[in-house]
Structures are given as C-alpha cells and as structure tokens.
Amino acid sequence: CAAVCPNDALVMKGRSIRIGELIEILKKDRSTFRHSGGGITLSGGDPLMQSYFAGELLKACKAQGWNTAIETEGCAETETYLNLVPYIDHILMDIKHMDQEKHKEFTGRANGLMLENARRVALYGKTRLVIRVPVIPTFNDSVEEIQAIEEAARRDGRYAAFVADDRTELTA
C-alpha cells in the first residue's frame, strides 16, 4: 500500500527480516523464556493474515523449545489453523457477538468462520484456547450477550478460559 499511496500518505515502517535472523535476535531472551515459562506471542491485527511467515516463525520457535501463542480474530481459513495448531501452545481468540447479522453489520463480516475455527481448535485439544470478548458499548456490552457467548463456548467445550474484560476470567 505504501508504495502506491498518493501523496505519500502512508509510510512503510519496520523492515523485512528472515526467520533465521529473527530467531537469532530472539535467542537473546531464551534464558528468560526458559526460567519464566514464557515465549513468543504473535499479534498485531491478525498474524495469520501472513500465515506462511507466521507458520514458519512458530515452527522455528517450537524447534527452540519456546512457548508460542497467537492473538487472533479467528478469521483465517480453517485449514490454516489446523496446519498451525501443532506449533501453537496458546490461542487467544476474540469472539465479539453470537448473532451473525449483528456481527456482520458491526464488523463487516459474518462470524460463522470464526466460531467454526474456535470449535475446531478446541477439538484439537492440545492448544490452550482462550476466548476473549472485547466489550464494545452498544454492540455487545449487555449481560445477555456476554452470557450468550460464554454459554456457547462452554456448551461446545471450546475454551480453557473465557475473558469478558480485564477483570473477569471464567475457567472451564
């Protein structure tokens, strides 16, 4: 986008990097990862929109013995999740609303794929799935809507934890 933006309104920030180079940079923190049980979290929009790079990075991190996590909207193709879950220890997935039409009206896309991805990741059973609900005024901030999301997740056995805001965590 930055290369074709009229009037240079967009500017590219950052730089291109190869997986091996990034792993060498991350190795500086390996002692911290080992002692804390921490690791690498991919986030920023949805990292699976760059699924090839994300997958290669996750594989390289697992080869180092590091914990891995992603923050996701759940909107990548289901095959992408199924191919990558063996390399992901934790998935933090946002579910914003249960109603397809309301979700599409507010976000621009239906939520069927996202809900199916949450179900499939949960069925995989080896990745800790945390369902997060970003509470948005006038969209999903009612007790009823939060409960509907939590009940659907619980009914389908979708999650290891359910977080409706920074203060609430219900563990399955």
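All values derive from a computational prediction rather than experimental measurement.

Participant: Provide a residue-level description of the environment of Gln64, including the pertinent values.
Facilitator: Mapped onto the elements, Gln64 comes out in the loop between α3 (51–63) and β2 (67–72). In sequence terms Gln64 and Arg30 are 34 residues apart; their C-alpha atoms lie 8.7 Å from each other. Filtering out sequence-adjacent residues up to four positions away, Gln64 remains in contact with Ile23 and Lys27.

Participant: Any details on the side chain of Thr72? Residues and values, ideally.
Facilitator: Checked against the element boundaries, Thr72 lands in strand β2. Of note is the side chain of Thr72, whose polar atom sits 2.9 Å from the backbone nitrogen of Gly74. Not counting residues up to four positions away in its chain, the partners in contact with Thr72 are Asp46, Tyr81, Ile91, Leu92, Met93 and Asp94.

Participant: Describe the nonpolar core, with residues and values.
Facilitator: Ile23, Leu26, Leu57, Ile70, Ile91 and Leu129 are the most contacted members of the largest nonpolar core, which has 33 residues in total. Within the residue set of this core, elements represented by two or more residues are α1 (19–26), β1 (39–42), α3, α4 (78–84), β3 (90–94), α6 (112–124), β4 (128–132) and α7 (143–155). With 5 residues, α3 is the single largest residue contributor to this core. Ignoring any residue separated from it by four or fewer positions in sequence, one finds Ile91 in contact with Ile70, Thr72, Val85, Val121, Thr127, Arg128, Leu129 and Val130.

Participant: I'd like a rundown of α1, residues and numbers included.
Facilitator: If you check which residues of α1 are buried, you get Ile19, Leu22, Ile23 and Leu26. Buried positions in α1, seen along its axis, are confined to an arc of 100° and lie on one side of it.

Participant: Pulling in residues and values, what's your account of unusual backbone geometry?
Facilitator: Positive phi is not limited to glycine here, since Thr138 has a value of about 70°. With respect to the element layout, Thr138 can be found in the loop between β4 and α7.

Participant: Please provide a residue-by-residue account of the environment of Cys75, values included.
Facilitator: Its place among the elements puts Cys75 in the loop between β2 and α4. A relative accessible area of 9% places Cys75 in the buried class. Along the sequence, Cys75 and Ala110 sit 35 residues apart, while their C-alpha atoms lie 9.6 Å from each other.

Participant: Could you give an account of the packing of aromatic side chains, with specific residues and numbers?
Facilitator: Within this structure, the stated rule accounts for 2 aromatic pairs. Where Phe33 meets Trp66, the ring centres are 5.2 Å apart and the plane angle is 70°; that geometry is what we call edge-to-face. Here Trp66 lies in the loop between α3 and β2 and Phe33 lies in helix α2 (residues 30–36), a separation of 33 residues in the sequence. Geometrically, the ring pair formed by Phe106 and Phe139 is stacked, given 4.0 Å between the ring centres and 15° between the ring planes. One end of the pair, Phe106, is in helix α5 (residues 100–107); the other, Phe139, is in the loop between β4 and α7, with 33 residues separating them in the sequence. The class for Phe106 is partly exposed, based on a relative accessible area of 43%.

Rules of the game
- Residues numbered from 1 in each chain as written.
- Predicted model: local features only at pLDDT ≥ 70, side-chain atom pairs only at ≥ 80, totals over all residues.
- Heavy atoms only, no water.
- Helix = DSSP H or I, 4+ residues; strand = E, 2+ residues; numbered from the N terminus.
- Contact = heavy atoms within 4.5 Å.
- Polar contact = N/O pair within 3.5 Å; in protein donor to acceptor, adjacent residues only side chain to side chain.
- Core = buried A, V, L, I, M, F, W, Y, C linked by side-chain atoms within 4.5 Å.
- Buried < 20%, exposed > 50% of the residue type's maximum accessible area, 1.4 Å probe, protein only.
- Arc of directions from axis to C-beta.
- Phe/Tyr/Trp six-rings, centres within 6.5 Å; stacked < 30°, edge-to-face > 60°.

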